[in-house]
Amino acid sequence: MAAVIGWGSLLLQTSAKAAVFGDGHPENGIEDQRLVTTQPQLRSVGTVVCDDGLRGTATHIKASFRESAAPIIVTAAHILFEKKSGKMYLSCSYLPQNRRLSAIPFYAISEHDYNPFAADKIEQSETDIVFIALAGSLQQPALSLTEAANINDQKLSLLGYNSDLNDITESADCETFVSAQFASEKLLLHDCDARSGASGGPLLLQLISQQGSEPQPSVIAIHGGTLFLHPQDDAEHSTNVDGAVADPERWVNQARKVDQALLERLRRFNTYLAKGFPDQS
């Protein structure tokens, strides 16, 4: 598989779940807001396949401080590891826009500190993000990473793989939450509808551009899964959460925010790539 570039220890992990929220009345069906989208930002998103299985969603991103030596994607770290054994998958590739015949193998994986055995699920979620360099050219536009600041009361959207439709869909007009139980400066709590294939998908915020130009979408967080207050909620996820109202003190979806620490990690990773990325010509 790809080389793992680490400045600390690499720890294994299990995968995360996510929920499709509704109005709390299952008798009228689950209000699944995930829709096939024609938004231009979809062109920057794809899926990750490891050992012949689709594991999650990823986004082609810009390295704004300098031209990247290799295409870089960002995703949730947990999707790179087997759920039961915690072992790293042997072979992973990126599929731009989930196009099966366009797979690009991984070249290198950035540092990360995700620990699947951590008892503290908040800390576990805070570390569930990774940058990956691809071993080939990528004919796909890239999105910018922007610090998730001052987003209260602003509507967000999540792009992620939808196994029900075998397509990348958008969950739009999501709300954000503040929680005492799941308090974290590094996490964004949200009610964007998602299931496991959406792990690693980008949460987008429409930014206001200068001089009346079209607003540009920006990645402010990477979706990881659902936080549960009680272990039994996780065990009974499929019956207890889908269709329920998001409750930031009991169960809510979470994403790792983009912050200065992550942008610095990306800078270091890109510097490493500039020194050793193979000639693709």
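Refer to the structure above for everything that follows.
Residues numbered from 1 in each chain as written. Predicted model: local features only at pLDDT ≥ 70, side-chain atom pairs only at ≥ 80, totals over all residues. Heavy atoms only, no water.

Undergrad: Talk me through the pattern of salt bridges; I want residue IDs and the actual numbers.
TA: Where charged atoms of side chains with opposite charge meet at close range, the side chains can pair. Under the counting rule described, the total for this entry stands at 6 salt bridges. For Arg195, the salt bridge is made with Asp164, and the minimal N-O distance between the two is 3.8 Å. In this pair, Arg195 sits in the loop between strand S13 (187-190) and strand S14 (202-207) while Asp164 sits in the loop between strand S10 (156-162) and strand S11 (167-174), placing the two residues 31 residues apart along the sequence. Residue class for Arg195 comes out partly exposed when judged on its relative accessible area of 24%. (Salt bridge = Lys/Arg side-chain N within 4 Å of Asp/Glu carboxyl O. Helix = DSSP H or I, 4+ residues; strand = E, 2+ residues; numbered from the N terminus. Buried < 20%, exposed > 50% of the residue type's maximum accessible area, 1.4 Å probe, protein only.)

Undergrad: Account for the state of the cysteines, with residues named and values stated.
TA: Inspection of every chain in the model, using the stated rule, returns 2 disulfides. Across the disulfide from Cys50 sits Cys92; the S-S distance is 2.0 Å. Judged by the sign of its S-S torsion, about 110°, the bond between Cys50 and Cys92 is right-handed. Placement of Cys50 in strand S3 (residues 45-50) and of Cys92 in strand S6 (residues 92-96) is noted, with a sequence separation of 42 residues between them. As far as burial versus exposure is concerned, Cys50 and Cys92 are alike and both buried. At a sulfur-sulfur separation of 2.1 Å, the disulfide partner of Cys174 is Cys192. Here the S-S torsion is close to 125°, and the disulfide linking Cys174 with Cys192 is therefore right-handed. On the criterion of sequence distance, the pair formed by Cys174 in strand S11 and Cys192 in the loop between S13 and S14 is long-range, its members being 18 residues apart. The pair formed by Cys174 and Cys192 is uniform in burial state, with each residue classed as buried. (Disulfide = S-S within 2.5 Å.)

Undergrad: Residue-level account of the packing of aromatic side chains, with values.
TA: Within this structure, the stated rule accounts for 0 aromatic pairs. When the ring centre of Trp251 is taken as origin, the NZ or CZ atom of Arg250, which lies over that ring, is 4.2 Å away. (Phe/Tyr/Trp six-rings, centres within 6.5 Å; stacked < 30°, edge-to-face > 60°. Lys NZ or Arg CZ within 6 Å of the ring centre and 35° of its normal.)

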